[in-house]
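# Structural description and commentary
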Amino acid sequence: MNVSRNQRVDLEVVANLIPPQSRVLDVGSGDGSLLELLQDTKQVDGRGLELSQRGVNECVARGLSVIQGDADKDLEFYPDKGFDFVVLSQTLQATRNPKLVLDELLRIGNRAIVSFPNFGHWRVRMSLFLNGRMPVTTDLPYSWYDTPNIHFCTIRDFVNLCDELGATVEKATALDANGQKIGLSMPWWFWNFFGQQAVFLLTR
């Protein structure tokens with residue numbers, strides 16, 4: 001999560017799902033944009049876990065409580081239901097074992113919030129169809145050979161994973177290419193085609 005707040009429209013969506021003074025663990029804190037936003041606007045008791053030393057340094061420089069750690073390995077050390085909310089923002093696709101990571105989020109938090117880029121978006125499909133190459137977009141800005149993203153998924157893929165893990169989707173939001181919310185009444189296939197990114201609030 002290494003982009004500035006004004007480039008991350010999903011951060012506001014995530015923040016709006018979290019009540020004031022909640023206990024929050026931000027997994028994949030990046031430069032600390034989300035935790036800083038939550039502390040400034042919601043006065044949360046926030047903690048963070050970030051893989052890169054550079055990200056940890058940026059977070060600490062902002063006065064945030066963030067430690068270095070790997071979501072694939074270190075979540076097991078957190079106690080059951082130790083937080084009100086555990087957030088994984090634009091990080092799921094970069095984990096080695098997304099199913100295990102999501103399972104751990106649901107164990108650690110009373111609720112989990114997950115946001116991710118949708119690989120089923122029509123522009124991604126069109127790029128593959130017309131160019132025959134892995135797409136590069138604003139939400140997927142890396143070339144195939146240097147991307148940290150190793151497990152792309154679509155909105156429908158994620159919903160199926162939630163079903164496998166027995167997770168309940170309490171709220172979900174799909175954002176189009178302009179960062180606008182797609183109507184809640186639209187079916188999953190519509191979200192899957194037109195949603196450039198998605199934010200899910202889960203419980204179990």
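Residues numbered from 1 in each chain as written. Predicted model: local features only at pLDDT ≥ 70, side-chain atom pairs only at ≥ 80, totals over all residues. Heavy atoms only, no water.

Under the annotation held in an unreviewed UniProt entry, the protein carries the name Methionine biosynthesis protein MetW and is attributed to Mesorhizobium kowhaii.

## Some remarks on the state of the cysteines
In this structure the tally under the stated criterion is 0 disulfides. You can see Cys-153 has no disulfide; the closest cysteine sulfur is in Cys-162, sitting 9.5 Å from it. Since its relative accessible area comes to 13%, Cys-153 is described here as buried. The exposure class assigned to Cys-162 is buried, which follows from its relative accessible area of 1%. (Disulfide = S-S within 2.5 Å. Buried < 20%, exposed > 50% of the residue type's maximum accessible area, 1.4 Å probe, protein only.)

## Structural notes on the sheet that holds strand 7 (residues 197-203)
The 7 strands are arranged 3-2-1-4-5-7-6 in an open sheet whose pairing can be described as mixed. Strands with a single pairing partner mark the edges of an open sheet, and in this sheet they are strand 3 (66-68) and strand 6 (168-175). Strand-to-strand, the axes of this sheet are offset by a mean angle of 15°, without reference to chain direction. Examined bridge by bridge, strand 2 (residues 45-50) and strand 3 share 3 bridges and lie parallel to one another. Counterpart to Leu-49 in the pairing with strand 3 is Ile-67. In the packing of helix 2 (residues 33-42) onto the sheet, contacts are made with strand 1 (23-27), strand 2, strand 3 and strand 4 (83-89), and the angle to strand 2 comes to roughly 180°. (Pairing = 2+ DSSP bridges. Helix = DSSP H or I, 4+ residues; strand = E, 2+ residues; numbered from the N terminus. Axes fitted to C-alpha atoms, helices over the stretch in contact; angles between N-to-C directions. Contact = heavy atoms within 4.5 Å.)

## Here we look at the packing of aromatic side chains
Evaluation of the coordinates by the stated rule reveals 4 aromatic pairs. Measuring from centroid to centroid gives 4.8 Å for Phe-116 and Phe-158, while their planes differ by 40°, and the two rings are tilted. Of this pair, Phe-116 sits in strand 5 (residues 109-117) while Phe-158 sits in helix 7 (residues 155-164), and the two are 42 residues apart along the sequence. The exposure class of Phe-158 is buried, given its relative accessible area of 1%. Residues Phe-116 and Phe-200 carry aromatic rings whose centres are separated by 6.0 Å and whose planes lie at 15° to one another, so their mutual orientation is stacked. Residue Phe-116 is located in strand 5, and its partner Phe-200 is located in strand 7; the two are separated by 84 residues in the primary sequence. The same class applies to Phe-116 as to Phe-200, namely buried. (Phe/Tyr/Trp six-rings, centres within 6.5 Å; stacked < 30°, edge-to-face > 60°.)

## Examining the pairing of strand 7
With 7 of 7 residues buried, strand 7 lies mostly within the body of the structure. Looking at chain direction, strand 6 and strand 7 are connected through 7 bridges and run antiparallel. Bridged to Ala-172 within strand 7 is Phe-200.

## What about the side chain of Asp-10?
Topologically, Asp-10 is positioned in helix 1 (residues 9-16). Given a relative accessible area of 0%, Asp-10 falls into the buried group. The residues contacting Asp-10, other than those within four sequence positions of it, are Ser-89, Gln-90, Ser-115, Leu-175, Gln-197 and Val-199.

## Regarding helix 5 (residues 98-108)
Helical periodicity: at 3.6 residues per turn, an α-helix aligns residues three or four positions apart in one direction. With 8 of 11 residues buried, helix 5 lies mostly within the body of the structure. Buried within helix 5 are the following residues: Pro-98, Val-101, Leu-102, Glu-104, Leu-105, Leu-106, Arg-107 and Ile-108. Those residues of helix 5 hidden inside the fold are in contact with strand 1, helix 4 (71-74), strand 4, strand 5, helix 7 and strand 7.

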